[in-house]
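Single-letter residue listing:
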Amino acid sequence: MPALNWRTAIKGAAGAGAGLFLWLVLSPIYAGFLAWSAEPLLRAFERPAVTRLNTDNTYIRIDRSDFGVRINHPEIPSDDLTFNVILLCALFAGATRPLRDRNIFSFLLASLLLAITHVLATIVTVMSTCATKMGTWSLEHYGKVARNVWGLSYHFYRLVLMYAIAFAIWWIVRPAENEEVEPARLRKKARGRK
């Protein structure tokens with residue numbers, strides 16, 4: 001783990017800035033990816049398959065063929081589900097040597113794992129929206145237990161898991177600090193022998 005000092009703080013802040021920039025620029029494209037990835041998973045467990053996910057900038061619109069004419073099709077902001085990528089960027093940027101191959105490879109692997117959790121979060125948010133935020137329609141189509149489970153799952157992700165997942169993924173895939181520092185120590189010893 002990197003030492004907590006002003007250099008680490010500056011690198012972390014720079015990583016957060018870079019992550020914020022990427023998140024802002026790529027959010028509309030990423031929303032399309034999330035809708036494209038989550039829709040088949042949602043439809044696989046529906047009988048009949050009625051859910052379609054469409055995107056409008058960073059919003060994912062839930063279109064169900066059983067909504068009826070008078071129901072507004074809800075939209076969920078995908079960028080609210082994905083901003084933990086900024087935290088992940090800051091954590092990897094705070095490494096002793098953030099631009100080393102091992103750290104970059106670990107960051108790419110972590111980003112892939114985080115994308116998988118974003119797809120799952122999209123599914124939970126769609127289900128929570130349908131189960132709890134559609135008024136009478138929700139009451140007619142979801143039982144009390146289902147409404148509570150989906151609502152609790154959504155809130156737990158937003159309040160706890162969103163941040164915990166970014167930290168856990170970083171902790172699991174980050175390169176060990178001694179792997180990064182050891183070559184520098186060996187070079188110093190070799191110079192001292194000369």
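What comes next is a walk through the structure. All figures in this text were calculated on a predicted structure; none of them were measured in a lab.

### Some details on the packing of aromatic side chains
Turning to step 1, where the next piece is worked out: All told, the structure shown has seven aromatic pairs when counted by the stated rule.
Turning to step 2, where the next piece is worked out: For Arg174, the ring lying beneath its charged end belongs to Trp170, and the centroid distance is 5.4 Å.
Turning to step 3, where the next piece is worked out: Cation over ring: Arg174 sits above Trp171, and NZ or CZ is 3.8 Å from the ring centre.

### A closer look at the sheet that holds strand S3 (residues 75-77)
Whenever strands of a sheet pair, they do so through backbone hydrogen bonds, lying parallel or antiparallel.
Turning to step 1, where the next piece is worked out: Strand order across the open sheet formed by three strands is S1-S2-S3, with antiparallel pairing between neighbours. Two strands in the sheet have a free side with no partner beyond their single neighbour: strand S1 (51-56) and S3. If you compare each strand with its neighbour and ignore which way they point, the axes differ by 25° on average.
Turning to step 2, where the next piece is worked out: Two elements, S1 and strand S2 (residues 59-64), share six bridges in a ladder whose sense is antiparallel. Looking across to S2, one finds that Thr55 is bridged to Ile60.
Turning to step 3, where the next piece is worked out: Here helix H4 (residues 101-132) sits on the sheet and contacts S1, S2 and S3; the angle it forms with S2, its principal contact strand, is near 55°.

### Describing the nonpolar core
Turning to step 1, where the next piece is worked out: Counting residues in hydrophobic clusters, the biggest one holds 18 residues, and the most contacted among them are Leu53, Ile62, Val126 and Cys130.
Turning to step 2, where the next piece is worked out: Elements represented by at least two residues in this core include exactly helix H1 (6-44), S2 and H4.
Turning to step 3, where the next piece is worked out: At six residues, H4 tops the list of elements feeding residues into this core.
Turning to step 4, where the next piece is worked out: Core analysis: the next-biggest nonpolar cluster, separate from the first, contains 15 residues, Tyr154, Tyr157, Trp170 and Val173 among them.

### Notes on the side chain of Thr125
Turning to step 1, where the next piece is worked out: When you line up the elements, Thr125 lands in helix H4.
Turning to step 2, where the next piece is worked out: When its relative accessible area of 5% is taken as the criterion, Thr125 is described as buried.
Turning to step 3, where the next piece is worked out: Apart from the residues lying within four places of it in its own chain, the contact partners of Thr125 are Ile76, Leu81 and Tyr154.

Scoring rules and cut-offs
- Residues numbered from 1 in each chain as written.
- Predicted model: local features only at pLDDT ≥ 70, side-chain atom pairs only at ≥ 80, totals over all residues.
- Heavy atoms only, no water.
- Phe/Tyr/Trp six-rings, centres within 6.5 Å; stacked < 30°, edge-to-face > 60°.
- Lys NZ or Arg CZ within 6 Å of the ring centre and 35° of its normal.
- Pairing = 2+ DSSP bridges.
- Helix = DSSP H or I, 4+ residues; strand = E, 2+ residues; numbered from the N terminus.
- Axes fitted to C-alpha atoms, helices over the stretch in contact; angles between N-to-C directions.
- Contact = heavy atoms within 4.5 Å.
- Core = buried A, V, L, I, M, F, W, Y, C linked by side-chain atoms within 4.5 Å.
- Buried < 20%, exposed > 50% of the residue type's maximum accessible area, 1.4 Å probe, protein only.

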